[in-house]
Amino acid sequence: MFCQSCGASLKAEFSDLPIVCPHCTHRNVDLSRMVPVDGLEPVYPLEGESCPRCESEFWAGVLDGAPIKFCKVCQGILISHGDFGTLIRTRRADFHGREMKPKPFQPEELKERCICPDCHQVMECYPYYGPGNAIIDSCENCDWVWLDGSELNCLIASPGLRPVS
Ligand SMILES: [Zn+2]
Ligand SMILES: [Zn+2]
Ligand SMILES: [Zn+2]
């Protein structure tokens, strides 16, 4: 397959997505298989703000009572650090679906840069040390955590310790 952004040939199949392009660090995702985040309620479109990942229209929304911002196209979510912790704890405790093995960690993902839509600084990027092998982008200035669409579902469905609700 070819990178959706720079066209470079990637040694990967569509079934391996998401794949971070080693040339331009674009994250290639299969939007047709994007699973929307359960229980996410859109509130209103954010004038003049765009998704830090795919530059589509950005929305204010509510997830489990927490105010968030999100992108309807790539399903990325901006949530505060505190709400993120609560969300993962409660969602993991309440999860009764089939567990999914997370994809192996891709070091290229750490090279991706995500710009905070509020303060326009480059967000810090680090591996999440819980179940799920996710890469988390966070802005210390604005207390935001950015999660890519498939990441939240993966953090919830990955095998591992589950808190008791
Ligand atoms: Zn590329
Ligand atoms: Zn997006
Ligand atoms: Zn910020």
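The shown structure was predicted, so the numbers you read here are calculated from the model rather than taken from an experiment.

(A) Molecular detail of the overall build of the protein chain. The helix and strand inventory of the protein chain stands at two helices and nine strands. Going residue by residue from the N terminus, the α and β elements of the protein chain occur as β-β-β-β-β-β-α-β-β-β-α. In summary, the protein chain has a C-alpha radius of gyration of 15 Å against a globular reference of 15 Å for 165 residues, a match within 12%. The principal-axis extents of the C-alpha atoms in the protein chain amount to approximately 45 × 40 × 30 Å. Split into buried and exposed, the 165 residues of the protein chain put 31% on the buried side. The long-range share in the protein chain, meaning contacts at least 24 apart out of those at least 6 apart in sequence, stands at 42%.

(B) How the structure looks around the sheet that holds strand 7 (residues 124-127). Strand order in the open sheet made by the seven strands is 3-4-5-6-9-8-7, with antiparallel pairing throughout. Two strands lie at the open edges of the sheet, namely strand 3 (40-50) and strand 7, each paired on one side alone. The average angle at which neighbouring strand axes cross in this sheet is 30°, direction not considered. With two bridges connecting them, strand 5 (residues 66-71) and strand 6 (residues 77-80) associate as antiparallel partners. Across the sheet, residue Lys69 finds its bridge partner in strand 6, namely Leu78. Here helix 1 (residues 81-94) sits on the sheet in contact with strand 4 (57-63), strand 5, strand 6, strand 8 (135-139) and strand 9 (144-147), set at roughly 100° to strand 6.

Thresholds applied
Residues numbered from 1 in each chain as written. Chains lettered and ligands numbered in written order. Predicted model: local features only at pLDDT ≥ 70, side-chain atom pairs only at ≥ 80, totals over all residues. Helix = DSSP H or I, 4+ residues; strand = E, 2+ residues; numbered from the N terminus. Rg over C-alpha atoms; globule rule 2.2 N^0.38 Å. Buried ≥ 20, exposed ≤ 12 C-beta atoms within 10 Å, placed from the backbone. Contact = placed C-beta atoms within 7 Å. Pairing = 2+ DSSP bridges. Axes fitted to C-alpha atoms, helices over the stretch in contact; angles between N-to-C directions.

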